[in-house]
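# Observations on the three-dimensional arrangement
Now for the letters of each chain:
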Amino acid sequence: MESNISINIDRMWSTLMDMAKIGPGIAGGNNRQTLTHEDGEARQLFQKWCNNANLEMNVDELGSMFFLRKGIDNELPPVVIGSHLDTQPTGGKYDGVLGVLAGLEIIRTLNDLDIKTKRPIMIVNWTNEEGCRFAPALMASSGFVGTVDVNQILNTKDLDGKVFKEELAKIGWNGKEKVGSQKMHCYFELHIEQGPILEKENIDIGVVTHGQGLRWLEVELIGVEQHTGTTPMNVRKDAGLVMAKIITEVNNLANNNQPNLVASVGHIEVYPNSRNVIPGKTIFTIDFRSHIDKKLKDIEAKIRSIVSKISEDHKVKFTIKDVANYDPITFDKNCVNFIRNAAKKYNYTYKDIVSGAGHDACAVNTKIPAAMIMCPCVDGISHNEAEEIKKEWALTSTNVLMHAALEAAQ
Ligand code: HGY
Ligand code: MN
Ligand code: MN
C-alpha cells in the first residue's frame, strides 16, 4: 500500500451515533444487553449496513454474525475484524461498538476505492461479549474456539430465569451455522482502552501485546432468615454480614498484593431482601484479574480460604462456583507487528500495552492468531454511560486497523 489511505471519519462518526440511538441508557450512554429486543434492533441495523456494503452474511447457532467481503482468492481463509454490539446496563457508546463499526467503515472505504485484497476480509459481531446478562463474558467467541461448551451456553439462564437459546430465538438470530466452523486466517480487534494510560501519556495507539487473565467466582451463602428485631445477635446466621466481610477481605487482599492484581464484587443478590429480615441467602460474584498466571492461581486459593473461614466463623454454609476462568494471553507476534508497522506508516504515536479488560480477541487468540489495537478514552472511563472518545482517536485507530488488516490480507 504505497499511499496512506484514510477512512471517512465523518461517515464513521455518524454511523456510531446512529447505533448509539438503539437501546439508550438513562444518562447518555447505552443499555443494549445481549439478546434483548434492543440487541435485536442493533443487529438488524448492522445487517442492513453490511448488505448495503455488498457483504455476505452468515450467522452461527449462538447468533454471532459474520460478514464476508470477497477477495481475489476466496479459497483462502479471511482476515477477520471483530468485536461486539452488546453493552453493559450502564454501558457507553463505544465499548465493543467502535471495533465492529470500524470494520464496517474499512469495508466501505475499500469499496469506495475499489481496492481488491488477495484474501477475503470478514467483519464479526460476537454475541454476548459482556457476560452481564448471561455469564461468562466473552461467551460466544469462547464457544467459537471451544473453551466454553456450546450446549452449556445455550442453556444458560439470566437472573430472571430466562434461557439463552429461547431469548436468542425470540429476537430471531438463532443461526444455523455450526459454532466454530467459520475459517479465519487471523483476527484483529480495535477497542477503547477503558483505562487512563493512553490519554494521560497523549499516545494515539495502544499496541496490545498481552491480555489479563480473569476469574469470576460465584459465591452462595446460606444462613437463616430471622426477625431483625427479636433475634439475639449471638445466634444470628447472617448471610448479608458474611458477604460484606468477604467483600472487604477480598479488597484488602488485592490492595496487599499490588501490583498486577485487581478485584471487586459487582453482582450481589440478597434474599429475601426485606428491611426487617436477616438475610438467609446471598449470592455474589468475585471478579479478580492479573496478567501473571501464578498470581491468579495464588489469589484464587486465598479467596477460597477467605470465603470458608468467614463463613465457618459465622456458621453460614457456602458454595463457590467457577463462572469464568480465562488465563492471561500473549497476542500473536506477527499480528502485533502488523499493527506496529501500520502505526509507524501513519506516524502515529504508539506504545505497547496490556489489556486490563477481557475481549473477544483474547478468546479467539487461543486458536487463531490475533491482536488488538486500543485507542484512548476520556478519563479512562468505561462501563459507565459517560464513556467518551475524541473523533480523532476513532480516525487514527481505524486507519491503523485498516492498514494492519490490508497488510495481512495481501
Ligand atoms: O469484563 C470485561 O473485561 C469485558 O468488558 N467484558
Ligand atoms: Mn468490550
Ligand atoms: Mn465491556
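Here, the structure is the one placed above.
What counts, and at which threshold
Residues numbered from 1 in each chain as written. Chains lettered and ligands numbered in written order. Predicted model: local features only at pLDDT ≥ 70, side-chain atom pairs only at ≥ 80, totals over all residues. Heavy atoms only, no water. Helix = DSSP H or I, 4+ residues; strand = E, 2+ residues; numbered from the N terminus. Polar contact = N/O pair within 3.5 Å; in protein donor to acceptor, adjacent residues only side chain to side chain. Expected span 1.5 Å × (residues − 1). Buried < 20%, exposed > 50% of the residue type's maximum accessible area, 1.4 Å probe, protein only. Contact = heavy atoms within 4.5 Å. Donors = N, O, S within 2.8 Å, 3.2 Å for Na, K, Ca; no water. Axes fitted to C-alpha atoms, helices over the stretch in contact; angles between N-to-C directions. Parallel < 35°, antiparallel > 145°, perpendicular 65-115°, else oblique. Left-handed = near helix turned anticlockwise from the far one by under 90°. Nonpolar A, V, L, I, M, F, W, Y, C, P; charged D, E, K, R; others polar.

### Section: the side chain of His84
Assignment of secondary structure puts His84 in the loop between strand E3 (79-83) and helix H3 (97-112). There is a polar contact of 3.2 Å between the side chain of His84 and the side chain of Glu129.

### Regarding helix H9 (residues 293-313)
Taking 1.5 Å of rise per residue, the 21 residues of H9 would be expected to cover 30 Å, and the 31 Å separating its terminal C-alpha atoms lies within 8% of that figure. Among the residues making up H9, those that are buried are Lys295, Leu296, Ile299, Glu300, Ile303, Ile306, Val307, Ser308, Ile310 and Ser311. Tucked into the core, H9 has its buried residues touching strand E7 (213-222), helix H8 (239-255), strand E11 (281-290) and strand E12 (317-326).

### Description of the coordination of the manganese ion (ligand 2)
In this structure, His84 (NE2), Asp95 (OD) and His191 (NE2) serve as the protein donors to the manganese ion (ligand 2), at separations of 2.1 to 2.3 Å. On the primary sequence, the residues serving as donors to the manganese ion (ligand 2) are separated as H-x10-D-x95-H. A separation of 3.4 Å is found between the manganese ion (ligand 2) and the manganese ion (ligand 3), which share Asp95 as a coordinating residue. Note that Asp95 is positioned in the loop between E3 and H3 and His191 in strand E5 (residues 186-192), a separation of 96 residues in sequence.

### Quick look at the packing of helix H1 (residues 9-20) against H3
As a packed pair, H1 and H3 sit with axes 10 Å apart at the nearest point and diverge in direction by 140°. Classified by the angle between their axes, H1 and H3 sit oblique to one another. Read as a crossing pair, H1 and H3 show a hand that is right-handed. Where H1 abuts H3, its residues Arg11, Met12, Thr15, Leu16 and Met19 lie against Val97, Leu98, Leu101, Ala102, Leu104, Glu105, Arg108, Thr109 and Asp112. Taken together, the residues of the contact of H1 with H3 sort by class into eight nonpolar, two polar and four charged.

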